Amino acid sequence: MLGNLLTFADIGWGVSLALWVVFVTIVISKYVAKRTTIYVARKAIHMLGGGFVAIISPFVFSSPLMPIIDSYLLMGVLLYVKLRKKEFNWFQEHGNYGEVFFTFSFGTLLLIMWVIEPMYWFSKDVFIAILPLIFMSFGDGITGIIRNYIYKRRVKGFWGSIGMLIFCTIAGYLVFSIPGLIAGIVATAVEVFPLIDDNLTIPFSSFLVLYLLIKVV
């Protein structure tokens, strides 16, 4: 049974992509932080790490098991260094658990969809889980970078939200037509309100909208 879910190819890709995320986190984001800000470095990890893995995963893995394992392992490492107060100071911030929530959301969305639709990985339904991760990775990344350069500080500014809205609605429409466009609008809307970390609200709210519109309505 496990052999059908986790092949040697899956393990190879899992290790390779995990190493890629480590490289992005340890090398690329540190370079970005030196040239720009910690905030932009965080967004670089979002896009080059999480976003790239989200896009490629359905095409290289035979099941969602390896991406789920990778995301939870990374979450564990990030949480450990947080609790030990040994943060990677070029992208982690004291008291900010956004990167932990990001990795939690990544694995948990894939897991939830797997429980609800056991065969989803082998159909277009895979993007019901993947598209919200793309919103979280690239949509939130784009809005953060725009805000950093326009407002020169971390603020929920108008132009950043417009950038995210444009990206998410176009990406959503290309993948799922009107349901995807609506999910992109919802993802952008919940990002504006900081009551709960947007690494939780963006993926889970847009996932719920997509699932309801595509599988229920």
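Just so we're clear, the structure is a prediction, and the values are computed from it rather than from any experiment.

Visitor: Looking at this structure, I do not really get the side chain of Thr188. What am I missing?
Guide: Within the secondary structure layout, Thr188 lies in helix H7 (residues 158-192). Only 3.0 Å separates the side chain of Thr188 from the backbone oxygen of Gly184, close enough to count as a polar contact. Setting aside residues up to four positions removed in sequence, Thr188 forms contacts with Ser161, Met164, Leu165 and Cys168.

Visitor: What is the right way to look at the packing of helix H2 (residues 8-35) against helix H3 (residues 38-60) in this model?
Guide: How two helices pack is summed up by the angle between their axes together with the distance between the axes. Viewed as axis vectors pointing N to C, H2 and H3 meet at an angle of 165°, and their least axial separation amounts to 8 Å. Relative to H3, H2 is oriented roughly antiparallel. Where H2 crosses over H3, the two elements pack in a sense that is right-handed. Within the contact between the two elements, H2 uses Asp10, Trp13, Leu17, Trp20, Val21, Val24, Thr25, Ile28, Ser29, Val32 and Ala33 and H3 uses Val40, Ala41, Ala44, Ile45, Leu48, Gly49, Phe52, Val53, Ile56 and Val60. Residue composition of the contact of H2 with H3, grouped by class: 17 nonpolar, three polar and one charged.

Visitor: Honestly, the confidence of the model for the protein chain in this entry has me stumped. Any pointers?
Guide: Detailed conclusions should not be drawn from predicted coordinates in areas where pLDDT is low. Taken over all residues, the pLDDT of the protein chain has a mean of 93, while the share at 70 or more is 98%. Here helix H1 (residues 2-5) stands out as the least confident element of the protein chain, with mean pLDDT 60; helix H5 (residues 98-116) is the most confident, with 97.

Visitor: How should the UniProt feature "transmembrane region" (unreviewed entry) in the protein chain be read in this particular structure?
Guide: Following the UniProt record, the feature "transmembrane region" (unreviewed entry) maps to residues 12-32, 44-61, 67-83, 95-116, 128-150, 162-186 and 192-214 here. Spanning residues 95-116, this segment combines 86% helix with 0% strand, and its end C-alpha atoms are found 34 Å apart.

Visitor: How should unusual backbone geometry be read in this particular structure?
Guide: Excluding glycine, a negative phi dihedral is what most residues carry, and trans is how most peptide bonds are arranged. At Lys85, a position not held by glycine, the phi torsion is positive, near 55°. With relative accessibility at 59%, the residue Lys85 sits in the exposed group.

Calculation criteria
- Throughout this description, residue numbers start from 1 for each chain and increase along the sequence as written.
- For this predicted model, a pLDDT threshold of at least 70 governs which residues receive local features, and a threshold of 80 or more governs which side-chain atom pairs are given and counted, while totals over whole chains, interfaces and linings are taken from all residues.
- In computing side-chain values, all of the structure's heavy atoms are included and hydrogens and water are not.
- In this description a helix means any DSSP run of H or I spanning at least four residues, a strand means any run of E spanning at least two, and both kinds are numbered starting from the N terminus.
- In protein, a polar contact means a hydrogen-donor-capable atom and an acceptor-capable atom, both N or O and within 3.5 Å, with residues adjacent in sequence counting only if both atoms are side-chain atoms; elsewhere, any N or O pair within 3.5 Å suffices.
- Between two residues, a contact is recorded if the distance between any of their heavy atoms is within 4.5 Å.
- Here an axis means a line fitted to C-alpha atoms, over the contact stretch when the element is a helix, while the angle between two N-to-C directions is reported on a 0 to 180 degree scale.
- Oblique is the label for every angle not falling under 35 degrees (roughly parallel), over 145 degrees (roughly antiparallel), or within 65 to 115 degrees (roughly perpendicular).
- In this scheme the crossing of two helices becomes right-handed for a clockwise turn of the near helix relative to the far one and left-handed for an anticlockwise turn of less than a right angle.
- Nonpolar residues are Ala, Val, Leu, Ile, Met, Phe, Trp, Tyr, Cys and Pro. Charged residues are Asp, Glu, Lys and Arg, and all others, Gly as well, are polar.
- One number per residue, pLDDT, summarises how confident the predictor is, and it ranges from 0 to 100.
- UniProt positions are given in the numbering used here, feature names are shortened, and annotations may be inferred rather than shown by experiment.
- Think of it in three bands: residues with accessible area under 20% of the maximum for their type are buried, residues over 50% are exposed, and the middle band is partly exposed, with areas taken using a 1.4 Å probe on protein chains only.

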